[in-house]
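Here is how the chains run, residue by residue.
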2 protein chains.
Amino acid sequence: MEPASPSGIGDTSLNRYLDGEFWSLKKELHRLLGGCPLFRHRYDLNLDEIRALTFQRVKFVMGLPVLKRAIQDQAEKTKNFVSRSLVIGEVLSIADMATGVKEFVIDTPCENAEKMYIGNAMYGNYAAVFAQLIINGRSQGPHCFIVPVRDENGSLYPGVTAIDMMYKEGLHGVDNGILIFHKVRIPRENLLDKFGSVAPDGQYHSPIKNKSARFNAMLAALTPSRLAVTFQALGAMKLGLTIAIRYSHSRRQFGPKAKEEVKIIEHQTQTLRLMPHLATALALTFVSRYAGFLLDEDIFHGKEFVDSRPLQALVAGLKAYSTWENVSCLQDCRECTGGMGYMMENRISGLKCDTDVFVTFEGDNVVMLQVVVRALLAQYSKQHKEKPLVSCLRNWAESGRDKLRTSFLAFNMDTVDNLAFLLKAVNFRERVLQRSLVARIYYKVMTKKEDFFSAWNACLHHVACLSLAHIHRVTLEQFCLAVRNCPDREDQALLMKFCLLYGTKLVFQERAWYLEHKYLTPMASTKIRNQLLDLCDSVKDDALRVISAFNIPHTSLHAPIAGITNAQAAWAFYPAPLQPEPREGARFQPPKLGAKL
Amino acid sequence: MEPASPSGIGDTSLNRYLDGEFWSLKKELHRLLGGCPLFRHRYDLNLDEIRALTFQRVKFVMGLPVLKRAIQDQAEKTKNFVSRSLVIGEVLSIADMATGVKEFVIDTPCENAEKMYIGNAMYGNYAAVFAQLIINGRSQGPHCFIVPVRDENGSLYPGVTAIDMMYKEGLHGVDNGILIFHKVRIPRENLLDKFGSVAPDGQYHSPIKNKSARFNAMLAALTPSRLAVTFQALGAMKLGLTIAIRYSHSRRQFGPKAKEEVKIIEHQTQTLRLMPHLATALALTFVSRYAGFLLDEDIFHGKEFVDSRPLQALVAGLKAYSTWENVSCLQDCRECTGGMGYMMENRISGLKCDTDVFVTFEGDNVVMLQVVVRALLAQYSKQHKEKPLVSCLRNWAESGRDKLRTSFLAFNMDTVDNLAFLLKAVNFRERVLQRSLVARIYYKVMTKKEDFFSAWNACLHHVACLSLAHIHRVTLEQFCLAVRNCPDREDQALLMKFCLLYGTKLVFQERAWYLEHKYLTPMASTKIRNQLLDLCDSVKDDALRVISAFNIPHTSLHAPIAGITNAQAAWAFYPAPLQPEPREGARFQPPKLGAKL
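Residues numbered from 1 in each chain as written. Chains lettered and ligands numbered in written order. Predicted model: local features only at pLDDT ≥ 70, side-chain atom pairs only at ≥ 80, totals over all residues. Heavy atoms only, no water.

Participant: What is the right way to read the interface of chain B and chain A from this model?
Facilitator: Accessible area lost when the parts come together is the quantity often used to give the size of an interface. The interface of chain B with chain A comprises 63 residues on the first partner and 63 residues on the second. A buried area of about 5600 Å², summed over both sides, lies between chain B and chain A, and 62% of it is on carbon and sulfur atoms. Looking only at chain B, the three residues that lose the most surface to chain A are Tyr167(B), Tyr342(B) and Glu516(B), adding up to 14% of its buried area. Summed over the shared surface of chain B and chain A, the result is 10 salt bridges. Asp356(B) serves as the salt-bridge partner of Lys352(A), at 2.6 Å between the closest nitrogen and oxygen. Here chain B is connected to chain A by 38 residue pairs in polar contact (both at pLDDT 80 or more). When grouped by side-chain class, the residues that make up the side of chain B that touches chain A number 32 nonpolar, 14 polar and 17 charged. (Contact = heavy atoms within 4.5 Å. Buried area = accessible area lost by both parts, 1.4 Å probe. Salt bridge = Lys/Arg side-chain N within 4 Å of Asp/Glu carboxyl O. Polar contact = N/O pair within 3.5 Å; in protein donor to acceptor, adjacent residues only side chain to side chain. Nonpolar A, V, L, I, M, F, W, Y, C, P; charged D, E, K, R; others polar.)

Participant: Is there a simple way to explain the pattern of salt bridges in this structure?
Facilitator: A side chain with one charge may pair with a side chain of the opposite charge, provided their charged atoms come close. Scanning the entire structure with this criterion turns up 56 salt bridges over all chains. Two residues, Arg529(A) and Glu516(B), come together in a salt bridge whose shortest N-O distance is 2.4 Å. Note that Arg529(A) is positioned in helix α20 (residues 522-538) and Glu516(B) in helix α19 (residues 511-516), a pairing that runs across two chains. By relative accessible area, which is 15% here, Arg529(A) ends up buried. In this structure, Arg57(B) engages Asp96(B) in a salt bridge whose closest nitrogen and oxygen atoms are separated by 3.3 Å. Here Arg57(B), found in helix α3 (residues 47-62), pairs with Asp96(B), found in the loop between α5 (81-95) and α6 (97-101); they are 39 residues apart in sequence, far enough to count as distant. The same class applies to Arg57(B) and to Asp96(B), which are both buried. What emerges from the salt-bridge pattern is a single network uniting Asp19(A), Lys26(A), Glu90(A) and Lys238(A). (Helix = DSSP H or I, 4+ residues; strand = E, 2+ residues; numbered from the N terminus. Buried < 20%, exposed > 50% of the residue type's maximum accessible area, 1.4 Å probe, protein only.)

Participant: Please explain the relation of the copies chain B and chain A as it appears in this structure.
Facilitator: The relation between the two chain copies is a rotation about an axis coupled with a shift along that axis. Once chain B has been moved 0.0 Å along the axis and rotated by 180°, it coincides with chain A to within an RMSD of 0.1 Å. In symmetry terms, the pair is related by a two-fold rotation axis. Among all C-alpha atoms of chain B, that of Ala512(B) lies closest to the rotation axis, at 2.0 Å. Interface overlap between copies: 100% of the residues of chain B at the interface are likewise at the interface in chain A, consistent with a symmetric, same-surface contact. (Least-squares fit on C-alpha atoms with pLDDT ≥ 70 in both.)

Participant: In this structure, what is going on with the packing of helix α8 (residues 223-248) of chain A against helix α21 (residues 542-549) of chain A? I would like to understand it.
Facilitator: Each pair of packed helices gets described by two things: the angle between the helix axes and the distance between those axes. All names here are of chain A. Where α8 meets α21, the axes come as close as 10 Å, and the angle between the chain directions of the two elements is 140°. Here α8 lies oblique to α21, going by the angle between them. Where α8 crosses over α21, the handedness of that crossing is left-handed. Two secondary-structure elements touch here, α8 through Leu241, Thr242, Ile245 and Arg246 and α21 through Ala543, Leu544 and Ile547. Residues of the contact of α8 with α21, tallied by class, amount to 5 nonpolar, 1 polar and 1 charged. (Axes fitted to C-alpha atoms, helices over the stretch in contact; angles between N-to-C directions. Parallel < 35°, antiparallel > 145°, perpendicular 65-115°, else oblique. Left-handed = near helix turned anticlockwise from the far one by under 90°.)

Participant: Can you help me understand unusual backbone geometry in this one?
Facilitator: With the exception of glycine, most residues fall at negative phi, and the peptide bonds are largely trans. Residue and element names in this part refer to chain B. Its identity as a non-glycine residue notwithstanding, Met166 has a phi of 60°, on the positive side. With respect to the secondary-structure elements, Met166 resides in the loop between β3 (160-164) and β4 (177-181). According to the relative accessible area criterion, Met166 is partly exposed, its value standing at 32%. Although it is not a glycine, Lys518 adopts a positive phi angle of roughly 55°. Here Lys518 is to be found in the loop between α19 and α20 (522-538). Judged by its relative accessible area of 58%, Lys518 is exposed.

Shown next as structure tokens:
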């Protein structure tokens, strides 16, 4: 199981496939950070000390040639610069979450739309601030300004007040604060002029005439940093899973009478808790890379994000989905490692605290889910060149629902273990939820004359379900494509099992809905449950190959329970797991890839 | 909405009913701790400082006459001393979780069966240690010994090594450590002799002859401290919910065009996330009190816990259920308060970190679920005076399943909003899961000749489901009884709504299973979902009355977002909520209590 190098960084075909185009960059960066003493895991520092250390870490990182090149690429908009930045963000987060979060902001014109939670507020020299631009008493909507905050010696300029927000649950290295400006004067050149500029004569000019469209364009510019959060969450999941799975393959508890105790990974509940998360981490690997690719394509072709509604929907939805999955994954990793998981040496609890904020920052997740559905609606209405809401409502409400149902309802119960079946199921769910939502809102707004806010609010649970269904569908599709395109037969077979597990999990968790819609019979639903249990059992040894291919340096793993020695916590040490012999007659035999893929 | 006293402690009929027999004791203790400057919420101390402060807090608490009396009661086994201790533990936990956890151990003969995670290891003078008692080379099984660890000056005795485990996710005030004993000699009187003693001539005597039964009796003695964890988790839930609900009734976001933004409690997703947790907190209030009552009854009648299998099952299951509910509740409270909830000022994140360990300590939750089912099996087999496993397996496997199904299957879809229907549903689920589990294990062990461990392990997910189904059923029953017995009509009507919500939540979350078993039709299942949404909406204003009746002192609430002023974090302040006017024509009209109750 151990990779060739004792550092934890190896070179396998699976690693190259999982890390994709940037595998060698990631490997190099893992090696650099893993070998840097500054990145030794610390949890014994006070607030000032950890902030100072984070500052040192960021400084070290910014000095690395690979980072300098990435920033240069960003400035020059080199092809794929977003994707490259995203994987760098993931690797930084694995080494230290605060370093991954602080300042490494991709193409985000503004730190935050509010004046609160400004990262680096206590040290920064400049702040990017959103403010209403008022010219001759008339507001042109919010614009982004660069405001000098401190001089070279770190003293605040007159009119600027900074309040330290101090203690948070985690991310102690990030110094969030509040900036208050009182009659601060800045030259007109400090207005970031992508969406509007002021001429020397005081005249306002903007490439986007409509004020509301201008605001939307600015919000759309948040897209890359939202995707960055997904990569950071993914980094945290990989780290937590690697620790929990290594421990589960080493620690023994309970067993048959008068025999050696079994490894805890043998307990049905343990695989059931950990394996679906691992499958999800793999799924997120491929779908987030896909989103990065789309972003790069758009930028390369000079397209504004605001024109790309499906991409905005995907990124907003992925941000919500990945960060919730991360919270749930790390919680299970913590619980599956028992009291040991509660100790800071073993990293998982600290990681939980650091990443917990992801679900509410860069756009609260519940709001993100609404962004997804609004973007889907807008996209639809645009195709019909009519007014946004009304057209799509009417169009959807009037289209035949029966046709949809018949086309999807034909299935054979024997096929639930087939990727094509799982793909059809998640597709069906998304489309039914979409049509029924539109029908409900149409009825409330058009027939019952409710105001749009009330109608929307009464459907919020429905909106959230649709939004996640959309993301689930795209994610499963991307995972399936990745399986199909995998060049190595053995890797492909392994990914196939995890892909089936991921699809099975999606259908299993919504089986009530499928039963309500008679898409699953009670017997098929029971079969899905057994399939989930069997798949979890069947991949538990493959899991070691997967986490090894994540290529996380041992110094970043840190956890003694994952087999990393630590003289200060010898009591927590468990030896590194060994790759078990392949088992004969493993229960679940995954089918061949269907022609449909 | 605000209680009469500005301290946050009021005197309402609902408070008296929720706090039960000990309402005045709780009120007095809340008042004492709320008024003590030592209990001001601190999150800015280093490990040594917070440990020292916790020591001071514990010292203060132990000096209170009400605590002295409780300890005296415990020594004298006064009637209801367990229940009294449990509510004291809850109040302490609300003031400070570490104080609630440290040393306030009820009748637990040993701190821990292992040598790790020993609370107070770094300061204590004595340790209670489980060790194999070996007499003339023959083991008599583990026994509990009192071992002097440190002298009066705090220096370790020869042969004793103490290792500080240092940093954890939370509970920093509790100094967990490892004690290692090397040839430490203690006099034979230091053996706690409840389960066995050694005479001066070296002969061993025990009231329980069977070694395995002796071990079970010792484990059963953990029952009261497991129940204490439930009370502590309940305290944390009440605190988190009070903060999140007050904030949700104060903070405004989004709204109809050109109108004032609405309070976030108006958002459908917000009520859907918070109200079911509040209903669960109420349910846990009544069921945990019931468990405490049963414990006191047993002790009063001199019964050993080991003889009371249903009580052991209930307490082990409640420990798992309540601590998982707490984790999920606090996570939602954190997310529902956005970035504000991530700040330590607002208490929720610290509370999450402090209580996260509950799910794995005093017996890991997954193990607890197995204890429940084993206790249920043992109880059953005992009634039949046969060998434990075989008899009950045969008995259950052979009993008529059809009879059970017919007796429960008769229901009218119109009655899903009826408590009697919900009670029947959770009863049906428990009994079907129980019978099918026994049938599966019977088949594996008897027919397929699998060893018991493998058979059990292959059914672990089933075991977990049955275990929680059992706890859900008992909890809903106790909540229903509490509604029936409530003396105040208005309080009763309010509790009735929350009880319906709780039962609806239980059936909703398992609706896939009910659909698989054709206990719910697809239409009834959809109706359950709408009922859940409607109930959440209908209780959102009542929620203010409930959290006010929790009587949590404002100093313990601490959170500026809950309307508690704090000069150091003025930026986080939101005014305390006002009780909204009763709404006309609220959608959900709860039915009258059925005669069945």
